[in-house]
Amino acid sequence: MKIVNAAAALFAFMLASTAAFGQGGAPRSGLDISGDWFNTLQDSDSNATIQLVSYGGYPLNEAGRMYALTWDPSRMTLRQQQCAQYSPHFLLHGGGNYRFWEERDPYNQKLIAIKMYGQITEGTRTIWMDGRPHPPAYAQHTFLGFSTGKNEGTVLTVYTTHLKRNWIKANGMTQSDQATMVEHFMRHGDTITYVSVVTDPVYLAEPLIRATQMSRSRRDPDAWLYACDDGEQILSRANDPTEVPNYLYGQNPSLREFSEKHQVPLLGALGGAETMYPEFAAKLKDPAAAEAAAKLELAPANGPQRASRAVDPNPRDGEIHVLRVQGSVYMLVGEESNIAVQIGEEGPLVVDTGAGKLADKVIAAIRKLSDKPIQFIVNTSFHADHTGGNAKLHAAGEDPSLFGSFFSGQFADAGQGATIIGHQNVQNRMIEAGGKAAAAGASEAWPSDTFVQGRRRKYHNGEAVEIFHQPNAATDGDSIVQFRRSDVIATGDIFTTTQYPFIDVKNGGSVQGEIDALNNILDKTVYQHMGEGGTLVIPGHGRLCDEYEVSEYRDMIAIIRARVQALLTQGKSLDQVKAARVTADYDDRYGATSGPWTTDMFVEAVYTSLKQNPAKTAARK
């Protein structure tokens, strides 16, 4: 078992050493770590070759342990996993060649940033040294995150946020997208001592401290690239499968390989904060008691569901915040659900209108982007948090394509207001919800331009815009909207970063339809480099993403579905399925114990839709 607090002691020693090293000389303005480097001393186990179920000395909480124990290595064969970049701590502790250099203002030579390039996964990282703030919570996360640094005497200290979900070790130990990191670089001649401290409220009970020593290369290593393209790994499986490899609770076939080979008690191999400290050895003196305690850790403990500990990406300050996505598309945040806006020479095209509480401010924000009236509104769903602003945004716009057309002779108000587009089921559901109001005729808030087939397309503002119906996903009327030239997809409630998917079974939603819809999104995305960038994705709620987050969300839902299906096959009741805590490793990220959509509601929706349409379990037994 690795005792991680030894790294803490090493760090304290190095800080003392650097302080003493600096005595007697003039204060230095900063630490220069420029050059080519490689690892010479690191943790006793590497990132990529560590054995399965070897978690001792790592402060995994229950969710982190459940994630690791149910992780099937075959998951790495999925397309979105094959070429994914590393996080900074995985990259810099992991080996390969590194190149560090400075970026300075060409006129006054002030330090702007420190750049880092890692050979493994070709990761180029920027550490901003000019005091700029970190982005808002709704901004995009990346594998290398957003980093700012400062020189503290002879130590370079770096703070990183906006990380994607990534690995702590390539044996299932994971770091969530809520993790933050502090790093310290201490240089002694041609040696750097690198210490990272990862704090993760989702998967770690305590901060994880790791130390690595790097040496400077005396010549160019001439090995800087990492060729990787995803491809078919398992020919019998679809490119974007509805079944994701995983193990059911307590059924990991590699559970005892490490502990038996190295004669380590299983309780120690399962990790946890207590395995970091010497006092833990006392718990292993009674083998029978240690074995009994280990068996209790192979499945979630009995108890209530847990609420998400993730940062709320919605600013909730009563204002509308505008984030440029790419191309001609922007994301508006602050009106409960996200709003996408495409601008150009024609009137803006808007995807969803939010809850309507801040509709006037939404209109004002769009007017700052374009001086033309809103021409089209696309509704991805009939739910009120996506259509609440329809009436006001419709009234604030106009559709000049209808002026002087056949429609202007039939309808006196043709073109007087933005045209609202949606699947026919969206209109049907809104009319049903309108009750008596429906008898008076079509509401101005309802889609007037509907479609019933799988695709509705337009060429607007210089690019192809395609609206794809996703049957029986969150509801029976959901659509995604793809802006082809901008390479942006707006997903509505099919994909969010803030909660488990809202599967509205009463209105045609299903867990299989949800997974199918996420795979349809992935069929249309292309990453730019090493699993990142390229097609950007605007979720119905939450932060800006790319295909990696969509695949992670798909994997999560498919894994939970497999667990529920396995219990259904055993004849378990809904209450028994809920008691099994089938979402234990994801609750701290997506769970809710109160509000309009709780974890219990999600589990019930999965259970109900599977009973209506039985599916095969994807978990290995």
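Rules behind the numbers
Residues numbered from 1 in each chain as written. Predicted model: local features only at pLDDT ≥ 70, side-chain atom pairs only at ≥ 80, totals over all residues. Heavy atoms only, no water. Helix = DSSP H or I, 4+ residues; strand = E, 2+ residues; numbered from the N terminus. Buried < 20%, exposed > 50% of the residue type's maximum accessible area, 1.4 Å probe, protein only. Contact = heavy atoms within 4.5 Å. Salt bridge = Lys/Arg side-chain N within 4 Å of Asp/Glu carboxyl O. Disulfide = S-S within 2.5 Å. Phe/Tyr/Trp six-rings, centres within 6.5 Å; stacked < 30°, edge-to-face > 60°. Core = buried A, V, L, I, M, F, W, Y, C linked by side-chain atoms within 4.5 Å. Expected span 1.5 Å × (residues − 1). Axes fitted to C-alpha atoms, helices over the stretch in contact; angles between N-to-C directions. Parallel < 35°, antiparallel > 145°, perpendicular 65-115°, else oblique. Left-handed = near helix turned anticlockwise from the far one by under 90°. Nonpolar A, V, L, I, M, F, W, Y, C, P; charged D, E, K, R; others polar. Pairing = 2+ DSSP bridges. Polar contact = N/O pair within 3.5 Å; in protein donor to acceptor, adjacent residues only side chain to side chain.

Visitor: Looking at this model, I keep getting lost on the overall build of the protein chain. Mind explaining?
Guide: Helix and strand counts for the protein chain stand at 18 helices and 26 strands. Residues classed as buried in the protein chain amount to 58% of the 621 residues present. Partitioning the intrachain contacts of the protein chain with sequence separation of at least 6 by distance along the chain shows that 69% fall at a separation of at least 24.

Visitor: Looking at this structure, how should I read the pattern of salt bridges?
Guide: Charged atoms that come close allow side chains of opposite charge to pair. Scanning the model with the defined rule gives 36 salt bridges in all. Across the pair Glu183 and Arg125 runs a salt bridge, and its minimum N-O distance is 2.4 Å. Highlighted residues: Glu183 in strand E9 (residues 180-188) and Arg125 in strand E4 (residues 123-128), separated in sequence by 58 residues. For the pair Glu183 and Arg125, a shared accessibility class is recorded, and that class is buried. Members of the salt-bridge network, linked through shared partners, are Lys164, Asp177, Glu532, Arg543, Asp546, Glu549 and Arg589.

Visitor: What am I meant to see in the side chain of Arg65 here?
Guide: Considering the arrangement of structural elements, one finds Arg65 in helix H2 (residues 62-69). Discounting chain neighbours no more than four positions away, the residues touching Arg65 are Leu60, Leu270 and Glu297.

Visitor: I'm lost on the state of the cysteines in this one. Help?
Guide: As used here, a disulfide is simply a covalent bond connecting the sulfur atoms of two cysteines. For the coordinates displayed, the defined rule picks out 1 disulfide. One disulfide in the model links Cys83 with Cys228; its S-S distance is 2.0 Å. On the sign convention where negative is left-handed, the bridge of Cys83 and Cys228, at about -85° about the S-S bond, is left-handed. Remark: Cys228 occurs in the loop between strand E11 (208-216) and strand E12 (246-247) and Cys83 occurs in the loop between helix H3 (79-82) and helix H4 (88-94); sequence separation between them is 145 residues.

Visitor: Even after reading the chapter, I still don't get the packing of aromatic side chains, so can you show me in this structure?
Guide: The geometry of an aromatic ring pair is captured by the separation of the ring centres together with the interplanar angle, meaning the angle of the planes. Overall, the coordinates contain 15 aromatic pairs when judged by the stated rule. With a centroid separation of 6.0 Å and 65° between ring planes, the pair formed by Tyr67 and Tyr586 is classed as edge-to-face. Here the residue Tyr67 occupies a position in helix H2, and Tyr586 occupies one in the loop between helix H16 (574-579) and helix H17 (587-590), the gap between them amounting to 519 residues. Both residues of the pair, Tyr67 and Tyr586, count as buried. Put simply, the rings of Tyr67, Trp71, Trp167, Tyr203 and Tyr586 touch in pairs and so form one group of aromatic residues.

Visitor: I'm lost on the nonpolar core in this one. Help?
Guide: One recurring pattern in soluble globular proteins is that nonpolar side chains are buried together. Core analysis: the biggest nonpolar cluster contains 67 residues, and Ile33, Phe100, Phe185, Val564 and Tyr586 have the highest contact counts within it. The element best represented in this core is helix H15 (residues 547-569), accounting for 10 residues. In contact with Val564, other than residues within four places in its own chain, are Val577, Val582, Val606, Tyr607 and Leu610.

Visitor: What is the right way to read H15 from this model?
Guide: Because each turn of an α-helix spans 3.6 residues, side chains separated by three or four positions end up pointing in the same direction. The end-to-end C-alpha distance of H15, which contains 23 residues, comes to 32 Å, matching closely the 33 Å that a straight helix rising 1.5 Å per residue would cover. Along H15, 22 of the 23 residues are buried, which leaves the element largely enclosed by surrounding structure. Where H15 ends, the next residue or the one after it, Gly571, has phi of about 85°, a positive value.

Visitor: Looking at this structure, I do not really get helix H14 (residues 511-522). What am I missing?
Guide: In a regular helix each residue adds 1.5 Å, so 12 residues correspond to 16 Å; H14 covers 17 Å between its end C-alpha atoms and thus fits that length. Most of H14 is tucked away, with 9 of its 12 residues classed as buried. Restricting attention to buried positions, one finds in H14 the residues Val511, Gly513, Glu514, Ile515, Ala517, Leu518, Asn519, Ile521 and Leu522. The inward-facing, buried residues of H14 contact H3, strand E22 (479-483), strand E23 (488-490), H15 and helix H18 (599-612).

Visitor: It is not clear to me how the packing of H15 against H18 should be interpreted in this structure. Could you clarify?
Guide: Relative orientation and spacing of two packed helices are given, respectively, by the angle between their axes and the distance between those axes. Interaxial distance between H15 and H18 falls to 10 Å at its minimum, and their mutual angle equals 60°. Comparing their axes, H18 and H15 come out oblique. Classified by chirality, the crossing of H18 by H15 is right-handed. Contacts from Ile560, Arg561, Val564, Gln565 and Leu568 in H15 reach Phe602, Val606, Tyr607, Leu610 and Lys611 in H18. Looking at side-chain class alone, the contact of H15 with H18 contains 7 nonpolar, 1 polar and 2 charged residues.

Visitor: What is the right way to read the pairing of strand E6 (residues 155-161) from this model?
Guide: Every regular strand shows the same layout, with side chains that alternate between the two sheet faces. The buried fraction of E6 is high, at 6 of 7 residues. Across 7 bridges, the pairing between strand E5 (residues 146-152) and E6 is antiparallel. Paired with Lys150 across the two strands is Thr157, which belongs to E6. Between the end of E5 and the start of E6, which pair antiparallel, lie 2 residues, with Gly153 showing a positive phi angle near 65°. Relative to E9, E6 runs antiparallel, the two sharing 6 bridges. Residue Val158 lies in a different strand from E9, and its bridge partner there is Glu183.

Visitor: I'm lost on the pairing of E9 in this one. Help?
Guide: In terms of strand pairing, E9 meets strand E10 (residues 191-199) through 9 bridges, oriented antiparallel. Residue Met181 lies in a different strand from E10, and its bridge partner there is Val198. In this structure, the hairpin formed by E9 and E10 is closed by a connection of 2 residues, where Gly189 is found at a positive phi of approximately 65°.

Visitor: When you look at the sheet that holds E23 in this model, what are you seeing that I'm missing?
Guide: Strand pairing within a sheet occurs via backbone hydrogen bonds; the two strands may be parallel or antiparallel. Spatial ordering of the open sheet is given by E20-E21-E22-E23-E24-E25, a layout of 6 strands whose pairing is mixed. Looking at strand neighbours, the two that pair on one side only are strand E20 (455-460) and strand E25 (545-546), the edges of this open sheet. Direction of pairing for E20 relative to strand E21 (residues 463-469): antiparallel, over a ladder of 6 bridges. The partner of Lys458 across the bridge, within E21, is Val465.

Visitor: Looking at this model, I keep getting lost on the packing of H14 against H15. Mind explaining?
Guide: Put simply, H14 and H15 touch, their axes get as near as 10 Å, and they point 155° apart. The angle between the axes of H14 and H15 places the two elements in the roughly antiparallel class. The chirality of how H14 crosses H15 is left-handed. Each of Val511, Gln512, Glu514, Ile515, Leu518, Asn519, Ile521 and Leu522 in H14 lies in contact with H15, whose residues at this interface are Glu547, Val550, Ser551, Tyr553, Arg554, Ile557, Ala558 and Arg561.

Visitor: Is there a simple way to explain the side chain of Gln82 in this structure?
Guide: One can find Gln82 in helix H3. Only 2.9 Å separates the side chain of Gln82 from the backbone nitrogen of Gly231, close enough to count as a polar contact. Each residue touching Gln82, except ones within four places of it in the same chain, is listed here: Met76, Thr77, Cys228, Asp229, Asp230, Gly231 and Gln233.

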